[in-house]
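What the coordinates show
Below, each chain spelled out in residue letters.
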Amino acid sequence: MKPKILIDADGCPVVDLTVRTAREADLDCLILCDTSHVFDKPGAQTLVVSKGADSVDFALVNRVQRGDIVITQDYGLAAMCLSRGARVLRQDGLEYTADNMDALLMARHTAKKIRRSGGRLHGTSRRTKEEDRQFLRALRAIIAE
């Protein structure tokens, strides 16, 4: 059975790249978003869920199956999808794995503690074409396996 691609689309800069790549590979693609970010992309189905803390995340994890490909920048969602047997890719091409998940979750926890105590962290830098190329290489490599 062919995998499908599920996109956590809220704040995701690679929706178009992912949909195009899914179409090229003849894979089903599902975009999940809440009511504040509605997408309509030819070649993909869109599921819009109500706003709410983690509503998109839970809708996605309830639909993911072993072997599916998930696109997200959310570490918590990535961990849940990994436990369901999915391949999970960040928008810069990093593949989340059991080997790197603990360190990523710890870094997120540490950053949250710094923010709660009044500290500031540098925001993300502007997205580059190289990040798009890295993402596409990683996505195509997963699809080719």
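Structure shown above.
These figures come from a predicted structure and were not determined experimentally.

For soluble globular proteins, nonpolar side chains are generally found buried alongside one another. Counting 23 residues, the largest nonpolar core has Ile5, Ile7, Val15, Ile31 and Ile71 as the members making the most contacts within it. Mapped by element, the contributors of at least two residues to this core are β1 (5-8), α1 (15-24), β2 (29-34), β4 (69-71) and α5 (129-144). Here this core gets 5 residues from one element, more than from any other, and that element is α5. Sequence-distant contacts of isoleucine 7, that is, excluding residues within four places in its chain, are made with Cys12, Val15, Thr18, Val19, Cys29, Leu30, Ile31, Leu32, Leu60 and Ile71. In terms of nonpolar packing, the next biggest core, distinct from the first, is built from 18 residues, Val56, Leu60, Val88 and Tyr96 among them.

Our focus in this paragraph is the sheet that holds β2. Read across the sheet, 6 strands follow the order β3-β2-β1-β4-β5-β6 without closing on themselves; strand pairing throughout is mixed. The strands lining the two open edges of the sheet, one partner per strand, are β3 (45-49) and β6 (95-96). Taken together, the 4 bridges between β1 and β2 define a ladder with parallel strand orientation. Across the sheet, the residue bridging to isoleucine 5 is cysteine 29, located in β2.

In this section: the packing of α1 against α5. Contact pair α1 / α5: the axes reach a minimum separation of 11 Å and the direction vectors enclose 30°. Judged by the inter-axis angle, α1 sits roughly parallel to α5. In this structure, α1 crosses over α5, and the sense of that crossing is right-handed. Mapping the contact onto sequence places Leu17, Thr18, Arg20, Thr21 and Glu24 in α1 and Asp132, Phe135, Leu136, Leu139, Arg140 and Ile143 in α5. Its residues placed into classes, the contact of α1 with α5 shows 5 nonpolar, 2 polar and 4 charged.

Calculation criteria
Residues numbered from 1 in each chain as written. Predicted model: local features only at pLDDT ≥ 70, side-chain atom pairs only at ≥ 80, totals over all residues. Heavy atoms only, no water. Core = buried A, V, L, I, M, F, W, Y, C linked by side-chain atoms within 4.5 Å. Buried < 20%, exposed > 50% of the residue type's maximum accessible area, 1.4 Å probe, protein only. Helix = DSSP H or I, 4+ residues; strand = E, 2+ residues; numbered from the N terminus. Contact = heavy atoms within 4.5 Å. Pairing = 2+ DSSP bridges. Axes fitted to C-alpha atoms, helices over the stretch in contact; angles between N-to-C directions. Parallel < 35°, antiparallel > 145°, perpendicular 65-115°, else oblique. Left-handed = near helix turned anticlockwise from the far one by under 90°. Nonpolar A, V, L, I, M, F, W, Y, C, P; charged D, E, K, R; others polar.

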